[in-house]
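Overview (structure and organization)
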Amino acid sequence: MVDVRVVDAAFDSCETDCLVVGVFSSKEIAVDVKSFDAKLGGVIAQVVKSFEGEYGQFRLIQTLGKVAPKHMLLLGLGKKEDFSLDVLRKAAGLSVKLVRDQAQLLELATTLHEIDVAKVSRADRAQVVAEGSVLGAYQYIKYRTVERQKIKVFSKVLILGKSEFNAHVAKGVSLAECSCLVRDLQNEPASNLHPKELANEAKKLEKLGVKVTVFDKKQIEKVGLTALLAVNRGSVNEPRFVIMEYRGGGKKKVALVGKGITFDSGGLDIKTAEGMLTMKEDMSGAAVVLATVKAAAELKLKVNVVGVFAATENMPGLDAYKPGDVVKTYSGKTIEIANTDAEGRVILSDALAYTEKHIKPDVMVDLATLTGACVVALGSVCAGVMGKDRKIIDQLIASGLATGERVWELPFFKEYHDQVKSEIADLRNLGIVSKEGGAITAGAFLGAFVEKTPWAHIDIAGTSWSEQDGELSRKGGTGYGVRLLINFLEALK
Ligand code: BES
Ligand code: ZN
Ligand code: ZN
């Protein structure tokens, strides 16, 4: 992991490989570098003359021993009036990538948090710079063995400023590292991350004082999580059901529930090769819930959080559940299986009903890579959120805007709920008009397993995985959700 530190040093005396300074498209240098530039003989002013400062443009300058930093990165920030906390976070991520990939250097000192953003304190800006730096530095190189020593691993970010920022920077680092934990779990090949290993990962939270309960297959049978068992039947690997309880105090108890399909082949309704390729990420909801409980414990949030996930593979083994089956659930309600590939909602039906009955939360939010339909509707720009509790949804939308992990509300009208009623059972795991409104009918299905708890469902199928590198992420698992949920929990307390 990247070592991020606050260092109270002047631009010209900080011991680092590269000093990062932003430039707006007005050619305005974002921080006062006049005396620094004087020591360099005015080279910065000279370079800026031929530098538009468009977002993402950059220039690397060698300082030739005239000051302590050996190099300098001028980073274009775009229009000053468009500058925001979101741009700042991304600029921090981009600066790390440019210093590593373009300059081949592994350390930097940054001044980006010095840039004024309306109503945001310098300490909050420093937090966001820390977040962006750690997220931007992330790489998944666990399985690369050839010329491994040639892979550049970023090591250090100095945030120039007062030690008053320390707590904020530590928070940014903690949030980003928990997001990177989600990424590691998403990126881990499914043959190395079965439900058992995912549960073991949850067990590690005990170190932080989190109470972790893991049900193995026998206990799942005893408790009666029969829908989870039905999906598990096609797999040779046992399911797990995991409860992680963090007591931070306060009156409220929030339950976060995650879909933990460690691999989704589709089951007997098998997916296409293309559709299956990234299905190791189908445990993203569970990973986000796990990492959010971890972050809540690390940050000592003053709220009670219970993370719950159901984990299994969805495979077409010899005893696999079949299209046309009727599955009994923990709640007592029955489900007609119209498609074995709509398995997420089947296991979540048990997870939601169990959580409501035994955890008795004041608020319940579930996260799931639930539908391809949500990816079609919203792409990977934002997640879909639905439910009937105005307050929860409004807060999730606000938290999304504050953290850059955005959500967009989908309608939840009665007609969608009618779509998942079955003639031969209580519910059908596919809308009757199967190709219409798939993200919403999936959410409506889940709603049938929540009796009275204020609840919202977030479909993260689009936001959990990226096919492209971004400023804050690489191709692969994105870690989406931890920062959103921590902001949400902080707002509730
Ligand atoms: N895990 C998938 C949804 C998914 C798709 C996640 C793309 C991430 C990226 C889910 O279990 C699934 O297969 N859903 C089906 C539902 C359909 C059979 C009603 C889908 O979206 O095609
Ligand atoms: Zn599926
Ligand atoms: Zn799935």
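Just so it is clear, the structure is predicted and the values come from calculations on it, not from any experiment.

Okay, the environment of Gly234 next. Here Gly234 lies in the loop between α8 (226-232) and β8 (240-246). Apart from residues no more than four positions distant in its own chain, Gly234 is found in contact with Met315, Pro316, Gly317, Asp319 and Ala320.

Looking at the zinc ion (ligand 3), one finds its protein donor set to be Lys259 (NZ), Asp264 (OD), Asp282 (OD) and Glu343 (OE), positioned 2.0 to 2.4 Å from the metal centre. Around the zinc ion (ligand 3), the six donor atoms sit at angles spanning 77 to 171°, and that spread fits a shape best called octahedral. Donor residues binding the zinc ion (ligand 3) come from one chain and are separated in sequence as K-x4-D-x17-D-x60-E. Metal-to-metal, the separation of the zinc ion (ligand 3) and the zinc ion (ligand 2) is 3.2 Å; Asp264 coordinates the two.

All chains considered together, the criterion is met by 32 salt bridges. Linking Asp101 and Arg100 is a salt bridge whose minimum nitrogen-to-oxygen distance equals 2.7 Å. Overall, Arg100 belongs to the buried group, its relative accessible area being 1%. Between Arg483 and Glu405 there is a salt bridge, and its shortest N-O distance comes to 3.4 Å. Separated by 78 residues along the polypeptide, Arg483 in helix α16 (residues 482-492) and Glu405 in the loop between α13 (390-403) and β15 (407-409) bring together distant segments of the chain. Given a relative accessible area of 8%, Arg483 falls into the buried group. Classification of Glu405 by relative accessible area gives buried; the value is 4%.

Our next topic: the side chain of Thr262. Position of Thr262 among the secondary structure elements: in strand β9 (residues 253-264). Its relative accessible area of 1% is what places Thr262 among the buried residues.

Glancing now at the sheet that holds β9. The sheet built from eight strands is open, its strands ordered β7-β8-β10-β9-β13-β17-β14-β15 with mixed pairing. The open sheet is flanked by β7 (211-215) and β15, the only strands paired with a single partner. For this sheet the average axis-to-axis angle between neighbouring strands, irrespective of direction, equals 20°. The pairing of β8 with strand β10 (residues 304-314) spans seven bridges and is classified as antiparallel. Counterpart to Val242 in the pairing with β10 is Phe309. Lying on the sheet, helix α6 (residues 195-203) is in contact with β7, β8, β9 and β10; it crosses β10 at an angle near 165°.

The next thing to look at is the sheet that holds strand β3 (residues 58-62). Strand order across the open sheet formed by six strands is β1-β6-β5-β2-β4-β3, with mixed pairing between neighbours. Of all the strands in the sheet, the pair left with one neighbour each is β1 (3-7) and β3. Averaged over all pairs of adjacent strands, the angle between their axes in this sheet comes to 25°, without regard to strand direction. Looking at chain direction, strand β2 (residues 18-24) and strand β4 (residues 71-78) are connected through seven bridges and run parallel. Residue pairing across strands places Val21 opposite Leu74, the latter belonging to β4.

Right, let's talk about the pairing of strand β6 (residues 156-160) for a bit. Across the five residues of β6, four count as buried, placing the element largely inside the fold. In this structure, β1 lies alongside β6, joined through five bridges in parallel fashion. Residue pairing in the sheet places Val4 in a bridge with Val157 of β6. Two elements, strand β5 (residues 107-110) and β6, share four bridges in a ladder whose sense is parallel.

Any two aromatic rings considered together are summarised by their centre-to-centre distance and by the angle between their planes. One pass over the full model with this rule turns up 10 aromatic pairs. Residues Phe11 and Phe36 carry aromatic rings whose centres are separated by 6.4 Å and whose planes lie at 85° to one another, so their mutual orientation is edge-to-face. With a gap of 25 residues between them, Phe11 in the loop between β1 and β2 and Phe36 in helix α1 (residues 34-39) connect regions that are remote in the sequence. With relative accessibility at 2%, the residue Phe36 sits in the buried group. Seen in terms of ring centroids, Phe412 and Trp455 are 6.2 Å apart; in terms of plane orientation they differ by 45°. Their pairing is tilted. Of this pair, Phe412 sits in the loop between β15 and α14 (414-418) while Trp455 is found in strand β17 (residues 455-459), placing the two residues 43 residues apart along the sequence. Under the relative-accessibility criterion, Trp455 is labelled buried at 6%. Through successive ring pairs, a cluster of aromatic residues spans Phe215, Phe241, Tyr330 and Tyr354. In this structure, Lys333 is placed above the aromatic ring of Phe449, and the distance from its NZ or CZ to the ring centre is 5.8 Å.

The environment of ligand 1 is formed by 16 residues, the closest being Lys271, Asp282, Asp341, Gly372 and Leu430. Between a nitrogen atom of ligand 1 and a side-chain N or O atom of Asp282, the distance comes to 2.9 Å. Between ligand 1 and the protein, one listed contact pairs an oxygen atom with a side-chain N or O atom of Asp341 at 2.7 Å. Look at ligand 1: alone it shows 520 Å² of surface, and the protein chains cover 78% of it. Along the lines of polarity and charge, the residues of the shell around ligand 1 split into four nonpolar, four polar and eight charged.

This next bit is on the domain arrangement of the protein. The domain boundaries assigned to the protein delineate domain 1 (3-160) and domain 2 (177-492). Taking only C-alpha atoms, the centre of domain 1 and the centre of domain 2 are 37 Å apart. Across the contact, 18 residues belong to domain 1 and 19 residues belong to domain 2. For the domain 1 face of the interface with domain 2, the top three residues by lost area are Leu135, Tyr138 and Tyr140, together amounting to 40%. The tally of links between domain 1 and domain 2 comes to two salt bridges. For Arg483, the salt bridge identified is with Glu131, shortest N-O distance 3.4 Å. Connecting domain 1 to domain 2 are 12 residue pairs in polar contact (both at pLDDT 80 or more). When residues of the side of domain 1 that touches domain 2 are traced back to their parent elements, those giving at least two are α3 (85-101) and α4 (122-137). Of the residues forming the side of domain 1 that touches domain 2, the biggest block, seven residues, is contributed by α3.

About the cut-offs
- Residues numbered from 1 in each chain as written.
- Chains lettered and ligands numbered in written order.
- Predicted model: local features only at pLDDT ≥ 70, side-chain atom pairs only at ≥ 80, totals over all residues.
- Heavy atoms only, no water.
- Helix = DSSP H or I, 4+ residues; strand = E, 2+ residues; numbered from the N terminus.
- Contact = heavy atoms within 4.5 Å.
- Donors = N, O, S within 2.8 Å, 3.2 Å for Na, K, Ca; no water.
- Tetrahedral: all angles 85-135°; square planar, octahedral: opposite > 155°, others 65-115°.
- Salt bridge = Lys/Arg side-chain N within 4 Å of Asp/Glu carboxyl O.
- Buried < 20%, exposed > 50% of the residue type's maximum accessible area, 1.4 Å probe, protein only.
- Pairing = 2+ DSSP bridges.
- Axes fitted to C-alpha atoms, helices over the stretch in contact; angles between N-to-C directions.
- Phe/Tyr/Trp six-rings, centres within 6.5 Å; stacked < 30°, edge-to-face > 60°.
- Lys NZ or Arg CZ within 6 Å of the ring centre and 35° of its normal.
- Near = heavy atom within 4 Å.
- Polar contact = N/O pair within 3.5 Å; in protein donor to acceptor, adjacent residues only side chain to side chain.
- Areas by Shrake-Rupley, 256 points an atom, 1.4 Å probe, with all protein chains shown as cover.
- Nonpolar A, V, L, I, M, F, W, Y, C, P; charged D, E, K, R; others polar.
- Domains from an automatic or database assignment.
- Buried area = accessible area lost by both parts, 1.4 Å probe.

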